[in-house]
2 protein chains.
Amino acid sequence: MAAAAPTSAAAAPSPVSSCVGGGGVARLLLRSPARLPFASAATAARPRGRPPATALRAARAAPDLVEQSVNTIRFLAVDAVEKAQSGHPGLPMGCAPLGHVLFDEFLRFNPKNPAWFDRDRFVLSAGHGCMLQYALLHLAGYDSVTMDDLKAFRQWRSRTPGHPENFETPGVEVTTGPLGQGFANAVGLALAEKHLAARFNKTDLEIVDHYTYVIVGDGCQMEGVSHEAASLAGHWGLGKLIAFYDDNHISIDGDTDIAFTEDVLARYEALGWHTIWVQNGNTGYDDIRAAIKEAKGTKDKPTLIKVTTTIGFGSPNKANTYKVHGSALGSKEVEATRSNLRWLHKPFHVPDEVKRHWSHHIAEGAALEAEWNAKFAEYEKKYCQEAAELKSIISGELPSGWDNALTTYSPESPPDATRNLSQQCLNSLAIVLPGFIGGSADLASSNMTLLKMFGDFQRDSPEGRNIRFGVREHGMGAISNGIAVHSPGLIPYCATFFVFTDYMRAAIRLSALSDSRVIFVMTHDSIGLGEDGPTHQPVEQLFSLRAMPNTLMLRPADGNETSGAYKVAVLNSKRPSILALSRQKLPQLKGTSVDAVSKGGYTISDNSSGNKPDLILIATGSEVEIAEKAADELRKDGRTVRVVSLVCWELFEEQPEKYKESVLPSEVTSRISIEAGVTFGWEKYVGQKGRAIGIDRFGASAPAGKLYQELGLTVENVIAVAKTL
Amino acid sequence: MAAAAPTSAAAAPSPVSSCVGGGGVARLLLRSPARLPFASAATAARPRGRPPATALRAARAAPDLVEQSVNTIRFLAVDAVEKAQSGHPGLPMGCAPLGHVLFDEFLRFNPKNPAWFDRDRFVLSAGHGCMLQYALLHLAGYDSVTMDDLKAFRQWRSRTPGHPENFETPGVEVTTGPLGQGFANAVGLALAEKHLAARFNKTDLEIVDHYTYVIVGDGCQMEGVSHEAASLAGHWGLGKLIAFYDDNHISIDGDTDIAFTEDVLARYEALGWHTIWVQNGNTGYDDIRAAIKEAKGTKDKPTLIKVTTTIGFGSPNKANTYKVHGSALGSKEVEATRSNLRWLHKPFHVPDEVKRHWSHHIAEGAALEAEWNAKFAEYEKKYCQEAAELKSIISGELPSGWDNALTTYSPESPPDATRNLSQQCLNSLAIVLPGFIGGSADLASSNMTLLKMFGDFQRDSPEGRNIRFGVREHGMGAISNGIAVHSPGLIPYCATFFVFTDYMRAAIRLSALSDSRVIFVMTHDSIGLGEDGPTHQPVEQLFSLRAMPNTLMLRPADGNETSGAYKVAVLNSKRPSILALSRQKLPQLKGTSVDAVSKGGYTISDNSSGNKPDLILIATGSEVEIAEKAADELRKDGRTVRVVSLVCWELFEEQPEKYKESVLPSEVTSRISIEAGVTFGWEKYVGQKGRAIGIDRFGASAPAGKLYQELGLTVENVIAVAKTL
């Protein structure tokens, strides 16, 4: 289909056709609803008449059993770190009481189906303390963390790596370690819950209802990314977000007094949080319980519970020092700690009564999920339309034909900036993809990211799908990561100027490492933004992001390629996509194609035959226009010239050799690249006999046209260079 | 000199020899003190008997003259943006009253010598409002901003670019625009002042005494980097830092209510700041004055003055809306604004009485500097040792022979991690370079960055030279930028794990763009860090930073190269250097050299003759050892093999072609690169016939040796690949 003016394929803001018959069967666009995770045999609906899952919850463990359980957690951590001779025993030893109470008494989960949709989410933002999480997952009955896994802590190919990794260990919700990120991910998870609850819950059927818990340390609190996310969580009133601040007063360089003396609780209050202080996190179990209850009862604000603990609790000589933060205790101190805590067991011992007590979570988890499945079956009957949308979000199945929503363009279509063409895509996709949600870091009107048919996600309108991140790029990226891992069908996008990927690079890297489909909509992608000058002009960002593994860096040249870039971004569900988009208008080119983008690079014009042009011009984005015009001129002189749009290097590299050779025949060494960025890296495609035209310096403040002229990104310059080859 | 064990050249913590004679002449190591900027004829010492500079301060302008001055500022901004048809009029229109009061009545500066050491520093963190700063610099008599410059706002090669750029416009202290950075830079400037004051002031002679003022907007407040810096400023008690928060309630996407509802003043109080609220920033001149006085009187805490203003004040139809933030008003609205504010002048008009009033700053500034020069002359007589150190810091002249402090190594020197060898350099340099100061983001004991002979820079020990940044990488980078631009001889270094350059990339970019010599000490530079896993293992960072203009990315292989990297870093006073250093031990290699590092790449071993080896192995850092071992094996088989250490690509590229050809002869196409990072980019040096050995994926959690083995970074693999060429 070729449309001169952007038109959206779907008229109504619904991804599925309307339900047929009175409360009857939805004509789902979903391809294979039978494969939805919540429909598995193992988690069948609770037969009528059975007691509710809450009744299956074991009586709270007696105090001495709690103490045993807590010491089990402590020593699993101590022993695993000791065996690996590497790791962080201090946090697990200090936070074991909190960990026990939270996992055993509050957290709702099904250990045999870590992907159950309505589970509570738990994030260990202080990821170095991962042995706490592994010990808890093990006790709780997750198959992903067996005793053998605990013994293989931090070893090659184990499921218990040195920091929690969601792609290695089912039950780990997000990948943490880089401090502050997990906290911001938790804000994203809580946002997703609040949003989905607002969209799908009915007065008679609360189908989305879970909490997000996160443990943060002093380090997380110091990081700016956590502050950005905390400010937003307070603004949004994320009442079901509960953060535990492990206040142990020790970081790697010693007492936090040397660098961190702010009043954390007062700060969070200023950010609109409810705060609680548990002064004795080491043995004050009832205080921890009371705090969590109070937090759960606080519906209009997120809660920060400061839990004062002793790092390395129980270690007679190293507790409360930095020495227990990131090193094995050493065999002597391990023995001293065993003796001190009267834990005279062999390494990795789990007492039978502890095992027995924790085993109830398997039955309870199954019952929780079965109850929810029964509720969902009822929901589906009553609200078939909503159920279909929610199913798509839970499963990640894309509605069939969703990509028809993407507009194609012909050369007659009006020139436009790719940021505007991107807005067309965003608005079309949001209609057909129920999990499409996102926003900008205070640049919606420049990034062109507003979804016009939806309202804002706000405290009192959480059903809205436009997220207003404020000027908080790093928090935006990390929150988007949290949204992406909440449910396979949630597709977050987030936007700022391309140069400000520098502010959020740590979050982008975690999207890539965590196999998360986040779409980074990055406009103003070159000196073409003009007068704002070099602080705002990306020149090295394309390469810096092309270097990142498992990331697609796309720079579309026009409308077709912008649509194609979005198609690629949505289909690549296990990696992030970054779209570099122009501020300035670009023509709709003749040879571009929506589908060719998936190949990463392709010929858009050529007057040669036999795969042997005299010259190949390779360009991306806004410079493809320059390449095309230069090619036209050169062809007039009788040369055969091919123009290649290399819209995504990573995808091109993944093509078969034969295809690559058909686009860039190795025999043809006369090659020129044209890209408004550093030339560093282009040697890969232009080779040692070719030439790269680009900008090997920072930009400057001036009108865009003047900059292109002065910095040599012109048709004339391409022709001049071509003549030297 | 070859020393097996690291030794420092200087024994006492002083960069200059002790003064000779009773209060006599210092035997300075400085090369040319005569060229010190404060010794210029134009700023000669105040002759005895003359009135003090404060007496030259003109009487405060009468209220109607203030109003005229304020409107002059407003309309210079309006007119310049209108002429450029690009820019941000809203902030200057709203902040003109604050700008007038601050520059005319409080700021101490010498417009004819913007580099005068003891000037107050002013930073416009909300850099988009730069026309405010340009208008003020113009009125104040700076030669850098003439009327012609104002009329060339945002044009090619003008000194009035779209955001303030310190390298374009004398009088602009730091380059701002990316939000939040300028605020953190200001914290660095204030840190520098507090530190130098503590080191050099005497009870009878206060030779360092100036304030740092900064204007931040809502956007700056939302950014995590400003929060990190604010927390540190409160912790350090930077009493001479005064921040104005332009509270205008508008950001690009509209009212800040959509994303920013925290209680900013309460937050800053929690961070240990003094806070003041000026409720009427539009016309409340006396309130502004009182607030600044109160802030100056608050010695133990930094002060945040929230100044509530109306963005675009005076524009009848656009004030208090996002429309006036970042676009020209349009001729119609300009006229309406002129009429509304009764400013019936032509564009760019400066009334004579306003000119006359502001002209007093030229005499006053000269007198201020002359007074200070006289004071310094007295200081020099009494405290020659300190004066010599301070001169070096003010001028940036390096003491002669400073580089003798750097240790050289022989192959017999014990193997060591380059992070440890780096500590040796840091400790040696801090003794001979009086402006050497820095620290780590809570990893001092891992980054090995502690200066053992100095104490911590803290609230009550600001003379200390170890800065404890806490877990705040981004703030650390931006604060270091502020320190670097405070005085030419301040050489800040800052440290974290190499992978966390991702957290501070926006600050690193501003070091590069601002020509700032910041030394980024980045340890744990590869999968060689082992068990912490992929979240902590850099693989793409080398390339992502090699792509950044005006930045030196160095990866030394052993002790000599580490010393050489520091030599390069200190000598390159107009760009930042990033040192990637190993966690693991490395041998001292035979062919390495301190001085060769300045060439970026060089041959460290070769058994060929005639510049035509069979094979060239190119490696960096920890992989040079692997290359050397592989070369040894291959040579046993009769092949001629050269090993090249490519320690800094940027420096190598700057060498003459002849030199480059002598290291990497184009005739030799059998080339293998070995680097524990992505291979992307190595095509540049291995060419299309060579092979790059690296890691094109994220790392993994396992012991380092295992990772090198599993990921193919082994001598065996290099030999196997060599055999295929």
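Owing to the predicted nature of the structure, the values given are computational and were not obtained by experimental measurement.

Scanning all chains against the criterion turns up 72 salt bridges over all chains. Residue Arg154 of chain A pairs with Asp532 of chain B through a salt bridge whose shortest N-O separation is 2.7 Å. Within this pair, whereas Arg154 of chain A is found in the loop between helix H5 (147–151) and helix H6 (181–200), its partner Asp532 of chain B is found in the loop between strand S13 (519–523) and helix H19 (541–546), the two belonging to separate chains. Of the two residues, Arg154 of chain A and Asp532 of chain B, neither departs from the other in class, the shared state being buried. A salt bridge links Lys629 of chain A to Glu625 of chain A, with the shortest nitrogen-to-oxygen separation between them at 2.9 Å. Of this pair, Lys629 of chain A and Glu625 of chain A are both found in helix H21 (residues 623–636), four residues apart, which corresponds to roughly one turn of the helix.

Our focus in this paragraph is the UniProt feature "site: Important for catalytic activity" (unreviewed entry) in chain A. Residue and element names in this part refer to chain A. When the UniProt feature table is mapped to this numbering, "site: Important for catalytic activity" (unreviewed entry) covers His88 and His325. Spanning 238 residues, the named residues nonetheless gather at one spot, since no C-alpha pair among them exceeds 5.4 Å. For His88, the position within the fold is in the loop between helix H2 (63–84) and helix H3 (90–106). Classification of His325 as buried rests on a relative accessible area of 12%.

Superposing chain A onto chain B takes a rotation of 180° combined with a translation of 0.0 Å along the rotation axis, leaving an RMSD of 0.0 Å. Expressed as a symmetry operation, the mapping of one chain copy onto the other fits a two-fold axis. An overlap of 100% is found between the interface residues of chain A and their copies at the interface of chain B, pointing to a shared contact surface.

Moving on, we come to the UniProt feature "binding site: Mg(2+)" (unreviewed entry) in chain A. Residues and elements named next belong to chain A. Mapped onto the present numbering, the UniProt feature "binding site: Mg(2+)" (unreviewed entry) falls on Asp218, Asn248 and Ile250. For the annotated residues, spread through 33 residues, the largest C-alpha to C-alpha distance comes to 7.7 Å, consistent with a single compact locus. By secondary structure assignment, the location of Asn248 is in the loop between strand S3 (241–247) and strand S4 (250–251). Residue class for Asn248 comes out buried when judged on its relative accessible area of 6%. Setting aside residues up to four positions removed in sequence, Asn248 forms contacts with Asp218, Thr309, Ile311 and Asn320. Here Ile250 shows up in strand S4. Judged by relative accessible area, Ile250 falls into the buried class, the value being 9%. With residues up to four places along the chain from it excluded, the contact list for Ile250 reads Asp218, Asp255, Thr256, Ile311, Asn320, Thr321 and Tyr322.

Across the boundary between the two partners, chain A contributes 96 residues, which contact 96 residues of chain B. Of the roughly 8,100 Å² buried where chain A meets chain B, counting both sides, 58% is carbon and sulfur surface. For chain A, the biggest contributors to the area lost against chain B are Trp156, Tyr503 and Arg509 of chain A; these three give 11% of the whole. Run the count over chain A and chain B and you get twelve salt bridges.

Turning our attention to the side chain of Asn201 of chain A. Residue and element names in this part refer to chain A. Here Asn201 shows up in the loop between H6 and strand S2 (212–216). Here the side chain of Asn201 touches Ile207 through a polar contact of 2.8 Å, landing on its backbone nitrogen. Here Val208 takes part through its backbone nitrogen, which lies 2.8 Å from a polar atom of the side chain of Asn201. Excluding residues within four positions of it along the chain, Asn201 makes contact with Leu196, Glu206, Ile207 and Val208.

A few words now on the sheet that holds strand S21 (residues 691–693) of chain B. The strands that make up a sheet pair up through hydrogen bonds in the backbone, lying either parallel or antiparallel. Residues and elements named next belong to chain B. Taken in spatial order, the five strands line up as S17-S19-S18-S20-S21 in an open sheet, and their pairing is mixed. Strands at the two margins of the open sheet, each flanked by one partner only, are strand S17 (602–606) and S21. Strand-to-strand twist across the sheet, computed as the mean angle between neighbouring axes with direction ignored, equals 25°. Two strands pair when backbone bridges link them, and strand S18 (residues 615–619) and strand S19 (residues 641–645) are joined in this way by five bridges, in the parallel orientation.

On to H3 of chain A. Residue and element names in this part refer to chain A. Taking 1.5 Å per residue, 17 residues should reach 24 Å; H3 reaches 24 Å between its end C-alpha atoms and fits that length. Taking the largest bend as the criterion, H3 deviates by roughly 55°, centred on Ala96, and proline Pro97 comes between one and four positions later. Taking burial as the measure, the 17 residues of H3 include 17 buried ones, the bulk of the element.

Let's shift gears to the pairing of strand S20 (residues 671–674) of chain A. Residues and elements named next belong to chain A. Residue alternation in S20 divides its side chains into two sets, Arg671 and Ser673 and Ile672 and Ile674, and both sets are buried. Two elements, strand S18 (residues 615–619) and S20, share four bridges in a ladder whose sense is parallel. When the sheet's bridge partners are listed, Ile618 is paired in S20 with Ser673. Relative to strand S21 (residues 691–693), S20 runs parallel, the two being bridged by three bridges. Its bridge partner lying in S21, Ser673 is registered against Ala692.

Residue and element names in this part refer to chain B. For His249, which is not glycine, the phi dihedral falls at a positive 70°. Of the residues examined, His249 reaches a relative accessible area of 33% and is grouped as partly exposed. Its identity is not glycine, yet Asn550 carries a phi of approximately 55°, on the positive side. The residue Asn550 is located in the loop between H19 and strand S14 (552–554) in this model. By relative accessible area, Asn550 is classed as partly exposed at 28%.

So, how was this worked out
In this convention, every chain numbers its residues from 1, walking through the sequence in written order. Both sets of labels track the order of writing: A upward for chains, 1 upward for ligands. Thresholds applied to this predicted model are a pLDDT of at least 70 for local features of residues and 80 or more for the giving and counting of side-chain atom pairs; totals over whole chains, interfaces and linings are not thresholded and use all residues. Derived side-chain values reflect all non-hydrogen atoms in the structure, with water molecules and hydrogen atoms excluded from consideration. When a carboxyl oxygen of Asp or Glu lies within 4 Å of a side-chain nitrogen of Lys or Arg, that pair is called a salt bridge. Strands are runs of DSSP state E lasting at least two residues, helices are runs of H or I lasting at least four, and both sets are numbered from the N terminus onward. Partly exposed residues are those whose accessible area sits between 20% and 50% of the maximum for their type, while under 20% is buried and over 50% is exposed, using a 1.4 Å probe and protein chains only. UniProt positions are given in the numbering used here, feature names are shortened, and annotations may be inferred rather than shown by experiment. A residue counts toward the fit only if its pLDDT is at least 70 in both copies, and the copies are then superposed by least squares on the C-alpha atoms of those residues. Contacts are residue-level and defined by heavy atoms, with any inter-residue pair within 4.5 Å sufficient. Two parts lose some accessible area (1.4 Å probe) when they are put together, and adding that loss for both gives the buried area. In protein, a polar contact requires one atom able to donate a hydrogen and another able to accept it; more generally it is a pair of N or O atoms within 3.5 Å, and residues adjacent in sequence count only if both atoms are side-chain atoms. Only strands that DSSP links by at least two bridges are regarded as paired with each other. Angles run from 0 to 180 degrees between N-to-C directions of axes, and those axes are lines fitted to C-alpha atoms, restricted for helices to the stretch in contact. One less than the number of residues in a helix, times 1.5 Å, gives the span that helix is expected to have. The reported bend at a residue is simply the angle between two axes, fitted to the 7 residues ending at it and to the 7 residues beginning with it.

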